[in-house]
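Descriptive structure summary
If you want the building blocks of each chain, they are given just below.
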Amino acid sequence: MQSAAEPPASQEPLRFAHYEVRRREDGSPWQLGEGGMGVTYRAVDTRLRIEVALKVIRPAAAGREEAQRLFVREARAAARVHHPNVAPVLFLSDAPGECFYAMEFVDGVALHAFLRARSPLLPRLALAFAEQVARGLEAIHEQRLVHRDLKPGNVMVVEFPPGHPRHRPLAEAGGRLLKIIDFGLARGMASAAASVAPVTAGFRGTAAYASPEQCLEAADLDARSDLYALGCILWEMLAGRPPFVARSEFELFQLHLTAAVPWGTLPADVPGPVRALLARLLAKDRDQRPGDTGEVADELRDARAACPELAPSSAADSTGGETTPLPVMPRDTASALGVPISSPPSPSPLPSPVLPPPATVTLTSRSLGWGLAAVALVVAGIFFVVQRWASAPPVGGTGIDPTPSPAGRSPIRVDETPVLAVLPFEALGSGGGSATPGRPEDEASYFADGIHEDILTGLAKVEGLKLIARSSVMRFRDKPTSAREAARELGATLVLEGSVRRAGSRVRVTANLVDAASAHQIWAETYDREVRDVFEIQSAVAREIAAALRMNLPASDRAALARRPTTNAAAYEKFLQARAIQRQTDARQAEVIALYEQAVELDPAFALAWARLSREHARAYWYAYDHTPERVAKARRAAETAVRLQPELADARVALGDLHYRIENDWEAALREYRVALAVEPENVPAIAATGLALRRLGRWEEAGAQFRRAIALAPEDAQKINWLAETLLIMRRYPEADETFAHALLGAANPSWAAAQAYARLEMSGDFAAYEEAARALAPRVPLDERPALWLSVRDFPAAEAALRALPDTLADAQVTFPKTLVLGEVLALAGRAAEARTAFSAAADDLGQAVARAPSDALLRMKLARALAGRGGPGDRERAVREAAEAARAFPESRDYIFGRLLRVEQAQVLAACGDAEAACAVLEHLMSTEVRLTRTQL
């Protein structure tokens, strides 16, 4: 039998008994997820001809008798349960060396992913979901089993559309069926006489949903432990978060064991009977919890029946918010946060209009030579432009209406909770007047901006208070506006305004909280502090506003606020300067890095500055400004120092995620860190957006789009996030939506690169090449210099492309790779029919790239550039080597590793094959790319 950890390199079937593992488009086995002992594949039962999920024990575990015993026990435990709300086990092989079992393939999404896109749910839907989970638990408990790891990641949601035979009996749940999966931690119930003794194996489970007795590692867990987890899940469905949230597993244990249930986080519309049931389910003493799971299911049914009926338009999606597409399940099951298993959606290519001649090319010729190479180069030109828009690294909600409001901006949707807009604080000079930008007092401006941001950070911790994003309020920075007018524009019910005056080592901050409807002052305060004590102001404002509004600031957040990022005033000064420059321009990165370095030199314990420093180093690497080992070492040291100093700091986790993303290209590891950051700060917009970017690299388009929508909902004025959503829609070939979303992004920022992407979306939507050409020619002089050659290539204007190239430096930088300008120049000259000049350029490029590859032989992007140069030069042995280099590069960076760079490399491989005379192979690559979810479509040919 083929080892689970050693999938065959060939296309030979991967079989386990009569089960055959399905393969993805790139030929790799279709892996759904992996855990500590096993790998789960999507497979086909060749006898019954049905799809199954096949869990295969890892080779390392297969040789350990205890591991195999536990693996078999898991399968046998699950096989004992037969219920519609539990995924069954269908087959087990426990033979030595062939240990695996087959489960039902649940074609849905994890409740974890469903709630990320749609929570909080309205009570009636949440209760319908909870009742189904309880019915499944009842069947499990009837078999004297305790699941021990019940959580949203181990509950699947299958949706049946209206009209489907199974929709009607599930109408109360919007046509959705829930199934409990994963019996990896299930065990038999202990006898009633068993003592509560600690288990030496340590804690097993997921801390956010673990019962108090499970936190104590009790040996005699029973059904009441699973019912506590059910209470946590029901709470999360109703409130949008579990009842207890902390920064570490240890803190969660303490909260489960000692903390009171935080009733203030539960929405006011949750009925009394539901609250009473939650109180019993979440009782610290298990003797006070219900003992009969079936009775709990009945109570959930009765409570649902007592809830108000839903309007017909809401019956299918009773979430209390906008309807959003059902999200795709995450795949990184190794995450400590308990992310569920999944598979990406099967591609469903949309028909694309074909351009009229001369843009149309038929991919049938056996002797196209440089003609097909020209086609591939033009394709690569357009693909290069668009992938540049999609290759942005992370920076630092659930729906957006891309139609602009009459005022030209997206309407901001608000909840019924108080909505606070913290307007930019006025920066006063030492004499009391407003500071003048560009003069020495300008330091007052960045100091005021820093205090404004710190106060926003503190207020974000007040439960029940919704904040308007900083990106939305900053447009009022230099615009005299009354509180009432600003509130009307922003959709706020409360406005906080103030001023900052700094004189030497002292700072004075005034703050006024105003009711937007009445213009009455609710609260006001003036703070006089030493600069080194400025963080006390952030903490005080959050505490006092929470008190004025009679809202809750949890003890854990009060403690976090009390912690100062630094006690060194000079270090804080450098940090504020760096942050201000970052927001103004990208052109002064070296200065920003120097300021952060000075900050951490002045205070080596300044974790936040270490985190920002690491992100800047990683950014320099990503954009190929500096690929030296020294740069990598600096980024790593800064990120690891930030995490070591303050492991619960969201910025530190984002920095570590950026290290994985920008330097290591380990998207799964990056996702884990971003999710840790979001566990600490659920509304951290940079972490949310970075999650979307990493998901996009993994080809998980729907999930990525959901994350971008969530970021936009929190920061609706952030045009960059809107642009990323538009790019993602473009990748998915949803051209009308992409067009509208690009238009929305352009309202916030007149970015010519985005406008070019919008023109491309319209080309794909209409096939009107003349309109695209007109738009591209108008935009080409306005896009950044390094994007102009590709845009000119996309309209076949070779003289303009050559002129744009000659205006660039000799070395071009793209995401993660630098290469000589002569490479692209040679390709443009060849297309223009100037063969001798082209060969000269290719020869120079091949020499330079050959030396670069010798220094970095594992750089797939660089090796593909070398292949292009060798194919163009065409000397003795050049073309054979070019084909080999291109194949090796494509294998080293497959689509399954990166759905953006991986597919760009395939386009370049087609270009190399065409230039080397193998038109059939080039056509095969292009046809593959045209049949998958990627930007390359027939209209580009």
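Given the structure is predicted, the values throughout are model-derived calculations rather than measurements.

Digging into the overall build of the protein
Scanning the protein from terminus to terminus reveals 35 helices and 20 strands. The buried share of the protein, taken over its 941 residues, is 57%. When the accessible area of the protein is evaluated, it comes to approximately 37000 Å², of which 52% is carbon and sulfur surface.

Here's the deal with the side chain of Thr265
Among the structural elements, Thr265 can be located in the loop between helix H7 (249–258) and helix H8 (272–281). A polar contact is formed between the side chain of Thr265 and the backbone oxygen of Pro262, at a distance of 2.9 Å.

Details of the nonpolar core
In terms of nonpolar packing, the biggest core is built from 98 residues, with Tyr661, Tyr772 and Leu791 touching the most fellow members. Residue contacts for Tyr772: discarding those within four places in its chain leaves Ala759, Tyr760, Leu763, Leu791, Ser794 and Val795. The next biggest cluster of nonpolar side chains, apart from the first, holds 66 residues, and it includes Val534, Phe535, Ala599 and Ala609.

Some thoughts on the sheet that holds strand E8 (residues 109–110)
In spatial order, the strands read E8-E10-E11; together these three strands make up an open sheet with antiparallel pairing. The two strands at the open ends of the sheet, each matched to only one other strand, are E8 and strand E11 (176–180). Alignment of E8 against strand E10 (residues 155–159), held across two bridges, turns out to be antiparallel. Bridging across to E10, Val109 finds its partner in Val157. In the packing of helix H4 (residues 123–142) onto the sheet, the strands contacted are E10 and E11, and the crossing angle to E11 comes to about 35°.

Observations concerning the pairing of strand E4 (residues 38–45)
Most of E4 sits out of view: seven of its eight residues are buried. Bridge count for strand E2 (residues 19–21) against E4 is three bridges, and the pairing is antiparallel. Bridge pairing in E4 links Glu20 to Val44. Where E4 meets strand E5 (residues 50–57), eight bridges bridge the pair, whose relative direction is antiparallel. Residue pairing across strands places Ala43 opposite Val52, the latter belonging to E5. Hairpin connection, E4 to E5: the antiparallel pair is bridged by four residues, and Arg49 has positive phi, about 60°.

Some remarks on the packing of helix H19 (residues 629–645) against helix H20 (residues 650–663)
Packing of H19 against H20 brings their axes to within 8 Å, and their N-to-C directions diverge by 155°. As summarised for this structure, H19 and H20 are arranged roughly antiparallel, according to the angle between their axes. In this structure, the crossing between H19 and H20 has a hand that is left-handed. Along the contact surface, H19 presents Val632, Ala635, Arg636, Ala639, Ala642 and Val643, while H20 presents Ala652, Arg653, Ala655, Leu656, Leu659 and Ile663. A breakdown of the residues in the contact of H19 with H20 according to their chemical character gives ten nonpolar, no polar and two charged.

A short note on the pattern of salt bridges
Tallied over the full model, the rule gives 52 salt bridges. Between Arg615 and Asp658 there is a salt bridge, and its shortest N-O distance comes to 2.6 Å. Taken together, the residues span a long stretch of sequence, with Arg615 in helix H18 (residues 607–622) and Asp658 in helix H20 at a distance of 43 residues. With a closest N to O distance of 3.1 Å, Glu727 and Arg696 form a salt bridge. Note that Glu727 is positioned in helix H24 (residues 719–731) and Arg696 in helix H22 (residues 685–697), a separation of 31 residues in sequence. On the basis of relative accessible area, Glu727 is assigned to the buried category, the value being 2%.

Thoughts on the packing of aromatic side chains
By the definition in use, this model includes 16 aromatic pairs. Taken together, a centroid distance of 5.6 Å and an interplanar angle of 55° make the contact between Tyr19 and Phe91 tilted. Separated by 72 residues along the polypeptide, Tyr19 in strand E2 and Phe91 in strand E6 (residues 89–95) bring together distant segments of the chain. Ring geometry for Phe575 against Phe606: centres 5.3 Å apart, planes inclined by 40°, an arrangement best described as tilted. With Phe575 in helix H16 (residues 569–584) and Phe606 in the loop between helix H17 (589–602) and H18, this pair connects stretches of sequence that are 31 residues apart. One exposure class covers both Phe575 and Phe606, and it is buried. Members of the aromatic cluster, joined through ring pairs, are Phe16, Tyr19, Tyr41, Phe91 and Phe100.

Notes on the confidence of the model for the protein
Taken over all residues, the pLDDT of the protein has a mean of 78, while the share at 70 or more is 79%. Summarising per-element confidence for the protein, the mean pLDDT is lowest in helix H10 (residues 370–390) (46) and highest in helix H6 (residues 223–239) (95). Segment residues 1–10: pLDDT under 50, and 20 contacts once partners within four positions in sequence are set aside and those in other chains are kept. In the model, residues 191–201 has pLDDT below 50 throughout and makes 13 contacts with residues more than four positions away in sequence or in other chains.

A look at helix H33 (residues 878–892)
Given a rise of 1.5 Å per residue, 15 residues ought to cover 21 Å, and the 21 Å separating the end C-alpha atoms of H33 matches this to within 8%. Within H33 the residues assigned to the buried category are Asp878, Ala882, Glu885, Ala886, Ala889 and Ala890. Angularly, the buried residues of H33 cover 130° about the axis, an arc narrow enough to put them on a single face. Summarising the geometry of H33, the exposed residues directed more than 90 degrees from the buried face are Arg884 and Arg891. Among the structural elements, helix H32 (860–873) and helix H34 (901–915) are those in contact with the buried residues of H33.

Some words on a nonpolar patch on the surface
On the surface, Leu48, Ile50 and Leu90 cluster together into a nonpolar patch covering about 280 Å² of accessible area. Residue placement: Leu90 occurs in strand E6. Judged by relative accessible area, Leu90 falls into the partly exposed class, the value being 45%.

So, the packing of H18 against H19
Orientation of H18 relative to H19, taken along the N-to-C sense of each, is 155°, at an axis distance of 8 Å. If you check the angle between H18 and H19, you find them roughly antiparallel. With respect to the hand of their crossing, H18 and H19 are arranged in left-handed fashion. Listed contacts from H19 to Ala607, Trp610, Ala611, Leu613, Ser614, His617, Ala618, Ala620 and Tyr621 of H18 are Arg631, Val632, Lys634, Ala635, Arg637, Ala638, Ala639, Thr641, Ala642 and Leu645. For the contact of H18 with H19, the per-class residue count stands at 13 nonpolar, three polar and three charged.

Some remarks on the environment of Val422
Note that Val422 resides in strand E13 (residues 419–422). Taking the C-alpha atoms as reference points, Val422 and Ala483, 61 residues apart in sequence, are found 10.0 Å from one another. With near-sequence residues (within four places) excluded, Val422 lies in contact with His452, Leu456, Leu459, Leu467, Val473 and Leu496.

A few points about helix H29 (residues 798–806)
For H29, the set of buried residues is Phe798, Ala800, Ala801, Glu802, Ala804 and Leu805. Check the buried side of H29 and you find it contacts helix H28 (788–794), strand E19 (811–814) and helix H30 (821–831). N-cap assignment for H29: the residue whose side-chain oxygen lies 3.1 Å from the backbone N of Ala800 is Asp797.

Observations concerning the environment of Lys821
Checked against the element boundaries, Lys821 lands in helix H30. Along the primary structure Lys821 and Pro809 are separated by twelve residues, whereas in three dimensions their C-alpha atoms are 7.4 Å apart. Among all residues touching Lys821, those that are not within four sequence positions of it are Leu805, Arg806, Leu808, Pro809, Asp810, Thr811 and Leu812.

Focus: unusual backbone geometry
Located in the positive-phi region is Ala17, a residue other than glycine, with phi close to 55°. Tracing the backbone through its elements, the reader meets Ala17 in the loop between strand E1 (15–16) and E2. Even without a glycine there, the phi angle at Arg148 is positive, about 75°. When you line up the elements, Arg148 lands in the loop between strand E9 (145–146) and E10.

Calculation rules
Per chain, residues are indexed from 1 in the order of the written sequence. Totals for whole chains, interfaces and linings use every residue, but because this is a predicted model, local features are given only for residues with pLDDT of at least 70 and side-chain atom pairs only at 80 or more, for both listing and counting. Values shown for side chains rest on all heavy atoms present in the structure; no hydrogens or waters enter the calculation. Runs of E in the DSSP output that reach at least two residues are strands. Runs of H or I that reach at least four are helices, and both are numbered from the N terminus. Only protein chains enter the accessibility calculation, which uses a 1.4 Å probe; a residue is then buried when its area is under 20% of its type maximum, exposed when over 50%, and partly exposed in between. Every accessible area reported is derived by Shrake-Rupley at a probe size of 1.4 Å, with residue values counting cover from the shown protein chains alone. Here a polar contact is taken to be a pair of N or O atoms separated by no more than 3.5 Å, where protein atoms must pair a possible hydrogen donor with a possible acceptor and residues adjacent in sequence count only if both atoms sit in side chains. Note on terminology: a nonpolar core comprises buried Ala, Val, Leu, Ile, Met, Phe, Trp, Tyr and Cys residues joined through side-chain atoms within 4.5 Å. By definition in these notes, contact holds between two residues if any of their heavy atoms fall within 4.5 Å. DSSP-based pairing: two strands are paired if at least 2 bridges between them are found. Every axis corresponds to a line fitted to the C-alpha atoms, with the helix fit spanning only the stretch in contact, and the corresponding angles, defined between N-to-C directions, vary from 0 to 180 degrees. Reported orientations rely on four angle classes, namely roughly parallel under 35 degrees, roughly antiparallel over 145, roughly perpendicular from 65 to 115, and oblique for the rest. A crossing counts as left-handed when the near helix is turned anticlockwise from the far one by less than a right angle, and as right-handed when that turn is clockwise. Three residue categories are used. Nonpolar comprises Ala, Val, Leu, Ile, Met, Phe, Trp, Tyr, Cys and Pro, charged comprises Asp, Glu, Lys and Arg, and polar comprises the others, including Gly. When a carboxyl oxygen of Asp or Glu is within 4 Å of a side-chain nitrogen of Lys or Arg, the pair counts as a salt bridge. Stacked, edge-to-face and tilted labels apply to pairs of Phe, Tyr and Trp rings (six-membered ring for Trp) whose centres lie within 6.5 Å, assigned for plane angles under 30 degrees, over 60, and everything in between, in that order. The quantity called pLDDT is the predictor's confidence in a given residue, expressed from 0 to 100. Helix span, as expected, comes to 1.5 Å for every residue beyond the first. Working note: the arc is built from the helix axis to C-beta atom directions. By definition, no residue in a patch forms a salt bridge, and every one has over 30% relative accessible area; like charges are joined within 9 Å, nonpolar side chains (Val, Leu, Ile, Met, Phe, Trp, Tyr) within 5 Å.

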